Amino acid sequence: MPIDLKELGSRLRRIRESRSYTQEEIAELLGIPRSSVVQIESGNRSVDSLELMKLSQELGFEPKDLFAEEFAEQKDSVTALFRAEPKVATDKKLSQAIARWSSLCRQFTHLEKLVGADRGLVPPVRYDLPQPRNKWEAIHQGTAVADQERNRLKLGTGPVPELPEIVESQGVRVGLLPLEDSISGLFLTDENIGLTILVNSRHSEQRQLFSYAHEYCHLLFDRQKKGIVSRLENREDQTEVRANSFAAAFLMPESGVREFLSGVGKSQDVPTLQEVYDEEGDAVRAQRRGSSQPLGLQFYDIAHLAFYFGVSYEAALWRLKSFQIISEEERESLAQKQTAAGAFRKVLGDRFSRHRDRFSKHESTFQHKLLSMALEAFRLGEISKAKLKEIASGADVSNGELNALLGGIEVESPSVGEEVRIPN
Amino acid sequence: MADQSNVLDVCTDTCVLINLAHVSRLDLLGQVEDLVFHAPQEVLEEVSEPVQMRKVEQAIESGVLHRLRIVAVEELESMAEYVEQFGKGESACLAVAIHRRWVVATDETKDRRLSREIASKAIKLINTPGILLKAIRQGRLSVQAADLIKAELEVNRFKMSFGSFQELV
């Protein structure tokens, strides 16, 4: 049975409240008096189509869900996230960014279904481990799963600068958005938007890579939560500790770090004694002279290591300390040389940047995929040209550029002109 | 004067407005006797070129085009379904057409998705050449003037499948 005006108003009120918007804020958003919002919500005045589309975009809900027989706003990940993190909902800039991102992902999911790209898509694995009871367990879980994931993905021991692509190739929507400084990223999922990860584009490239790994961990462990915002102030939470531990271990595996150090002549001189059994009942012993020099890691070694793995100087220092390659005293001393380390990194970056191009390209990869999917949906006759134009405009493609693209898609005969249509 | 019972309401999509604005002949919308043209707000928002926007505003002020606000729940519901596969302007036109049995004015009749929907819902159509032909038949426009409009639109990539309106009258 179709809903009436009163029910429509009531549903709009429930969505507004779930997003922590006041009636005044909605009035301002729509450019109408607050009394009109009151009337809409009480069913005495209908929302118009323009207002409805604006609300769906800014508050992040699917317009057609409003008219469903059973209205279940709690199924939606944005609502779940805002409920779990009221602070996010009250931050209008952040909540609108999340709403817009979820709209984009919803559109992507819809196009995926239209062109059949959802068939055969295997979602990333999920680790159903019990919630860690303490930080020690959290660190252990994060590290163990990072090793497993590296093995599963056949990543070896080297750097993974292409992590966003690795995550994306598993059907996850990955994006960059300018978020407030204390937020490194967020994870959001429901059946309409799929699995999504957002990372703060205002942070440095190294921090972004760490955040991708951190959010990827949430996706592997915490999918039941529907949404998690990773904030600096939550870093003591066990799920955050686990995600940080995962990110560090995933980006800088111990064996890879040791191989790197060995390659630059800074490995610990072990083993010093080798014995080979020779089936004659004896063993051949070979002894190497032990290095009398300490490891002697310098700031440039750490900067080089950090650059190689695409992580920050500080992250590399902490990782070396966790392997007991450096002491706390050495970590502190090296941390004070951050300026010099930064200068060295700049030299490496300027001359041998492997990451920069990838990052600037990656910023828009999701939109590129969205546009390709939309072109395919148009070619198959699943969406109209006007819808394609809307999607293209969202991906900053001009009408001229789109027309050039459409020239290559054979959906109609260019030789036949418009016929005359008149209603009978 | 047209018999009011024969007057058809038309929900106009963006392409028709842009075509007529391009040749500065939006006035024709008011000259075709048995049709009353309406444009949903979504369509008006899709006219983004400032000069064309001004011309469309003038057409509304002079009463040849009527601004349409969609508020009926069943129309909103249809529109909410349509926006997943159609542009917002098209979605508004389709929603109004199926619930009010109005005619849709569009030049996107070769769009596969749109033509499929129009055919499956038996929606009546008119396009820019159709509006010009009606104006000729009602003595509001000469064949020569219509052919000049045709030539101007064809420069703007809107091709028509016939040589002259003379072949059709």
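Nothing here was measured: the structure is a model prediction, and the numbers come from that model.

1. Some thoughts on the overall build of chain A
Secondary structure summary: chain A contains 20 helices and 6 strands in total. Burial analysis of chain A (424 residues in total) assigns 50% to the buried set. In the form shown here, chain A has an accessible surface area of approximately 20,900 Å², with 50% of it arising from carbon and sulfur atoms.

2. Considering the pairing of strand E2 (residues 35–40) of chain B
Residues and elements named next belong to chain B. The buried count for E2 comes to 5 of 6 residues, which makes it a mostly enclosed element. Bridge count for strand E1 (residues 8–12) against E2 is 4 bridges, and the pairing is parallel. Bridge assignment links Asp-9 to a residue of E2, and that residue is Val-36. As judged from the 3 bridges shared by E2 and strand E3 (residues 66–68), these two strands associate in the parallel manner. Opposite Ala-39, over in E3, you have Arg-67 as the bridge partner.

3. Overview of empty space enclosed by the protein
All names here are of chain A. One pass over the full model with this rule turns up 3 cavities of 30 Å³ or more. Every residue along the wall of the largest cavity is listed here: Leu-12, Ile-15, Arg-16, Ile-26, Leu-30, Val-37, Ile-40, Glu-41, Leu-55 and Leu-59. If you list the elements that add at least two residues to the lining of the largest cavity, you get helix H1 (5–18), helix H2 (23–30), helix H3 (34–42) and helix H4 (49–59). Here the lining of the largest cavity is built from residues that sort into 8 nonpolar, no polar and 2 charged.

4. Looking at the nonpolar core
Leu-8, Leu-12, Leu-66 and Phe-67 of chain A together with Leu-17, Leu-65 and Phe-165 of chain B are the most contacted members of the largest nonpolar core, which totals 80 residues. Examining the composition of this core, we find that 6 residues originate from one element, helix H6 (residues 88–100) of chain B, more than from any other. If we skip the residues at most four places from it in the chain, Phe-67 of chain A touches Ile-3, Leu-8, Arg-11 and Leu-52 of chain A together with Val-73, Leu-76, Glu-77 and Ala-80 of chain B. In this structure, Phe-187, Leu-209, Leu-320 and Leu-334 of chain A belong to the second largest nonpolar core, which totals 50 residues.

5. Let's talk about the state of the cysteines
Here the structure, examined in full by the defined rule, presents 0 disulfides over all chains. Looking at Cys-105 of chain A, it has no disulfide partner, and the nearest cysteine sulfur is the one in Cys-217 of chain A, 20 Å off. Here Cys-15 of chain B is not disulfide-linked; the sulfur of Cys-93 of chain B is the nearest cysteine sulfur, at 8.5 Å. Relative accessible area serves as the criterion here: at 17%, Cys-15 of chain B is assigned to the buried category.

6. Considering H4 of chain A
Residues and elements named next belong to chain A. Counting buried positions along H4 gives 8 out of 11 residues, so the element sits mostly inside the fold. N-capping of H4 is provided by Asp-48, with a side-chain oxygen placed 3.0 Å from the backbone N of Leu-50. At the C-terminal side of H4, Gly-60 shows a positive phi close to 70°.

7. A few points about the layout of surface pockets
To find the voids left in a structure, one rolls a probe of water-molecule size over its atoms. Residue and element names in this part refer to chain A. Of the voids in this model, the second largest pocket is the one considered here, and its volume is about 1,400 Å³. Around the second largest pocket sit 40 residues that line it, and Phe-210, Asn-244, Ser-245, Ala-248 and Trp-318 are the ones nearest its centre. Every element with two or more residues in the lining of the second largest pocket is listed here: helix H8 (135–152), helix H10 (205–221), strand E4 (227–231), helix H11 (238–251), helix H12 (254–263) and helix H14 (313–322). For the lining of the second largest pocket, the element with the highest residue contribution is H8, accounting for 8 residues. Its residues assigned to classes, the lining of the second largest pocket shows 13 nonpolar, 16 polar and 11 charged.

8. Points about the sheet that holds E1 of chain B
Residues and elements named next belong to chain B. Taken together, the 5 strands give an open sheet; going across it, the order is E3-E2-E1-E4-E5, and neighbouring strands pair in parallel fashion. Edge positions in the sheet fall to E3 and strand E5 (125–126), since each has one partner strand and no second. Both strand E4 (residues 103–105) and E5 contribute to a ladder of 2 bridges, which runs parallel. Looking across to E5, one finds that Val-104 is bridged to Leu-125.

Parameters and conventions
- Residues numbered from 1 in each chain as written.
- Chains lettered and ligands numbered in written order.
- Predicted model: local features only at pLDDT ≥ 70, side-chain atom pairs only at ≥ 80, totals over all residues.
- Heavy atoms only, no water.
- Helix = DSSP H or I, 4+ residues; strand = E, 2+ residues; numbered from the N terminus.
- Buried < 20%, exposed > 50% of the residue type's maximum accessible area, 1.4 Å probe, protein only.
- Areas by Shrake-Rupley, 256 points an atom, 1.4 Å probe, with all protein chains shown as cover.
- Pairing = 2+ DSSP bridges.
- 1 Å grid on protein atoms, 1.4 Å probe; cavity = no way out; pocket = protein on both sides within 12 Å on 5 of 7 lines; lining within 4 Å.
- Points joined across faces, edges and corners; volume = space filled by probe spheres on them.
- Nonpolar A, V, L, I, M, F, W, Y, C, P; charged D, E, K, R; others polar.
- Core = buried A, V, L, I, M, F, W, Y, C linked by side-chain atoms within 4.5 Å.
- Contact = heavy atoms within 4.5 Å.
- Disulfide = S-S within 2.5 Å.
- Polar contact = N/O pair within 3.5 Å; in protein donor to acceptor, adjacent residues only side chain to side chain.

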